[in-house]
Amino acid sequence: MVELGLIGCGGMGRTHAQYMADVPGVRLRACADISDSAAQKARDEFGAEYATTDWTKLLSDDAIQGVIVATHHHLHRPMVVAAAEAGKPVLVEKPLALTEDDLVAMERAVAQAGIPCIVGYQARFSPFIDKLKEVVPRPLVTMGQLIDPHWGEGHWANDPIEGGGNVLSQGCHLFDLMYWLNESEPVVVYAEGGNFTHPNTPITDSVCVTLRYANGSVGSAVVGDFGTPALLGKAAYQVFDGKRTATLWGYYFSPEIRLWGADTSGFTMDDLPEPVRNVPGAHGYTQELEAFAEWITTGEQPRRAATVRDGVRATRIALAAIRAIETREPQSLPQIG
Ligand SMILES: NC(=O)c1ccc[n+]([C@@H]2O[C@H](COP(=O)([O-])OP(=O)(O)OC[C@H]3O[C@@H](n4cnc5c(N)ncnc54)[C@H](O)[C@@H]3O)[C@@H](O)[C@H]2O)c1
């Protein structure tokens, strides 16, 4: 049995705790939140041993084999670095961090400790994304969009320090997934956009990005909270290799794929095997937890898991896009060796 500790018992922390029940061999041991009532509520609801307002207690609990960090973005660095220093494997929610400084410190701490570290890009585990990769394994062109309904001015994720705004907070999901569909390092970022819908908050909320990857393929990404697209839904992806095309839309709530040039015409929830059919776990949350437990117990890095390196890359693309808007210049990305 792999015993886990949860740091941050808000929306996403509770989602992880909820999916743990579907993962045999994983158990929630402790819940930490700065809010006593949030920690206790999670403990009672998800059957953990104890609740605490001091997250560092989880790092000195020998029975805890890994921690999940599901706090706001500015807390990821101190929590991940402390987990690494304590030798505790960590699953940290996205984005890994919001600044280059934090990214470098976190990657270094994880590498020095040699701990398993997964960043919360659960879409990599989705059977819908598997299908895109199966039909178009080597895309020439990738299109992606992640478009939220308008985030209120007071939303924590719009705070420049705590959240970073939509492009950093959500764009990282899209940039990681587009990397995963290509499995080639992005080399140049072109972007236009800016602050279109939050006049009182100094963040970048909307962007159109063009990416070139090391293997010569290109990508086009649109990110922002400028309104829910009624037809395609919040997230949609298309991959093209000149012979086959795969289009996925409605990803979060009612995913569906249409194919062109392939053996079948499409793929829906009904094509999934019974245990995952019509459950949001099909989107990768349970598989991500399984991968975390597998890495902890076997020491082998699961292929689909987003590592600290993947977390660094995704934020770097978002930061480069923001710089490209500010400077009106394309941005080269440092190459990950
Ligand atoms: N992977 C995904 O698809 C996905 C979806 C939603 C959110 N997220 C990510 O999950 C993370 C959390 O977001 P959320 O929506 O759950 O936020 P939230 O505000 O609902 O929850 C954050 C929790 O952290 C707690 N907290 C604050 N300071 C703390 C401290 N010092 N020690 C312990 N707990 C502390 C808060 O009290 C709160 O309960 C963010 O990184 C967010 O981007 C990921």
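These numbers come from a predicted model, not from an experiment.

### A word on the site of the ligand
Reasoning step 1: For the ligand, the set of nearby residues contains 24 residues, the closest of which are Gly8, Gly10, Gly11, Met12 and Glu93.
Reasoning step 2: Broken down by element, the residue count for the shell around the ligand peaks at three residues, all from helix 1 (residues 11-20).
Reasoning step 3: Its residues assigned to classes, the shell around the ligand comprises ten nonpolar, eleven polar and three charged.

### Examining the nonpolar core
Soluble globular proteins tend to bury their nonpolar side chains together.
Reasoning step 1: Ranked by internal contacts, the top residues of the largest apolar core, which has 97 residues, are Leu6, Ile7, Leu132, Ala318 and Ala321.
Reasoning step 2: In terms of residues, this core owes the most to one element, helix 10 (residues 308-327), which gives eleven residues.
Reasoning step 3: Composition of this core by domain shows at least three residues from each of domain 1 (2-122 + 288-306) and domain 2 (124-277 + 314-332).
Reasoning step 4: Ignoring any residue separated from it by four or fewer positions in sequence, one finds Ile7 in contact with Ala32, Trp55, Leu58, Val67, Ile68, Val69, Ala70, Thr71 and Met79.

### Quick look at the packing of helix 1 against helix 9 (residues 285-298)
Reasoning step 1: Where helix 1 contacts helix 9, the two axes come as close as 9 Å, and the packing angle between them is 80°. As summarised for this structure, helix 1 and helix 9 are arranged roughly perpendicular, according to the angle between their axes. Residues Thr15, His16, Tyr19 and Met20 of helix 1 touch helix 9, and the partners they reach there are Tyr285, Thr286 and Leu289.
Reasoning step 2: Its residues placed into classes, the contact of helix 1 with helix 9 shows four nonpolar, three polar and no charged.

### Focus on the sheet that holds strand 10 (residues 218-224)
Reasoning step 1: Strand order in the open sheet made by the nine strands is 14-13-12-11-7-10-9-8-15, with mixed pairing throughout. Unpaired on one side and paired on the other, strand 14 (266-268) and strand 15 (331-332) mark the two borders of the sheet.
Reasoning step 2: Against the sheet, helix 6 (residues 127-135) makes contact with strand 11 (235-240), strand 12 (245-249), strand 13 (256-260) and strand 14, and its axis sits at roughly 170° relative to strand 12, the strand it touches most.
Reasoning step 3: Along the sheet, helix 10 makes contact with strand 8 (186-194), strand 9 (206-213) and strand 15, crossing strand 8 at roughly 55°.

### A few points about the domain arrangement of the protein
Reasoning step 1: With domains assigned, the protein is organised as domain 1 (2-122 + 288-306) and domain 2 (124-277 + 314-332).
Reasoning step 2: The interface of domain 1 with domain 2 comprises 15 residues on the first partner and 17 residues on the second.
Reasoning step 3: For the side of domain 1 that touches domain 2, the per-class residue count stands at seven nonpolar, four polar and four charged.

### Things to note about unusual backbone geometry
Leave glycine aside and you will find that most residues have negative phi; peptide bonds, for their part, are mostly trans.
Reasoning step 1: Note that the residue after Lys94, namely Pro95, is joined by a cis bond; omega there is -20°.
Reasoning step 2: The backbone phi angle of Glu183 is positive, close to 45°, even though this residue is not glycine.
Reasoning step 3: Mapped onto the elements, Glu183 comes out in the loop between helix 8 (171-182) and strand 8.
Reasoning step 4: Residue class for Glu183 comes out exposed when judged on the 12 C-beta atoms lying within 10 Å of it.

### Observations regarding the environment of Ser60
Reasoning step 1: Assignment of secondary structure puts Ser60 in the loop between helix 3 (56-59) and strand 4 (66-69).
Reasoning step 2: Residue classification places Ser60 among the exposed residues on the basis of 10 C-beta atoms within 10 Å.
Reasoning step 3: Residues Ser60 and Lys41 lie 19 residues apart in sequence; the distance between their C-alpha atoms is 22 Å.

### Some points on helix 6
Reasoning step 1: When we look at burial in helix 6, the residues that qualify are Phe128, Ile129, Lys131, Leu132 and Val135. Mapping the buried residues of helix 6 onto a view down its axis gives an arc of 155°, with all of them on the same face.
Reasoning step 2: Where the residues of helix 6 are buried, they touch helix 8, strand 11, strand 12, strand 13 and strand 14.

### Notes on the sheet that holds strand 1 (residues 2-7)
Reasoning step 1: As summarised here, the arrangement of the six strands in space is 3-2-1-4-5-6, forming an open sheet in which the pairing is parallel. In this open sheet, the two edge strands, each paired with only one partner strand, are strand 3 (50-52) and strand 6 (117-119). Ignoring which end each strand starts from, the neighbouring axes of this sheet average 25° apart.
Reasoning step 2: In this sheet, strand 5 (residues 90-92) lies alongside strand 4 in parallel orientation, the contact comprising three bridges. Each bridged residue has a counterpart across the sheet, and for Ile68 the counterpart in strand 5 is Leu91.

Rules and cut-offs
- The numbers attached to residues start from 1 for each chain and follow its sequence in the written order.
- In view of the model being predicted, local features appear only for residues whose pLDDT reaches at least 70, and side-chain atom pairs are presented and counted only at 80 or more, with totals across whole chains, interfaces and linings using the full set of residues.
- Near, for a residue, is defined by distance from a backbone-placed C-beta atom to a molecule or strand, with 6 Å as the limit that must not be exceeded.
- Segments assigned H or I by DSSP are reported as helices when at least four residues long, segments assigned E as strands when at least two residues long, and all are numbered from the N terminus.
- Residue polarity is assigned by list, with Asp, Glu, Lys and Arg as charged and Ala, Val, Leu, Ile, Met, Phe, Trp, Tyr, Cys and Pro as nonpolar; anything else, Gly included, falls into the polar class.
- A set of buried Ala, Val, Leu, Ile, Met, Phe, Trp, Tyr and Cys residues, joined to one another through C-beta atoms within 7 Å, is what we call a nonpolar core.
- In this scheme every C-beta is placed from the backbone, and a residue whose C-beta has 20 or more other C-beta atoms within 10 Å is buried, one with 12 or fewer is exposed, and one in between is partly exposed.
- Where each domain begins and ends follows an automated or database-derived domain assignment.
- In this description, any two residues whose backbone-derived C-beta atoms lie within 7 Å of each other are considered to be in contact.
- Axis definition: a line fitted to C-alpha atoms, over the contacting stretch in the case of helices. Angles run 0 to 180 degrees between N-to-C directions.
- Here the angle decides the label: under 35 degrees means roughly parallel, over 145 means roughly antiparallel, 65 to 115 means roughly perpendicular, and every other value means oblique.
- Strand pairing is defined by DSSP finding a minimum of two bridges between the two strands.
- Think of the arc as the fan of directions from the helix axis to the C-beta atoms.

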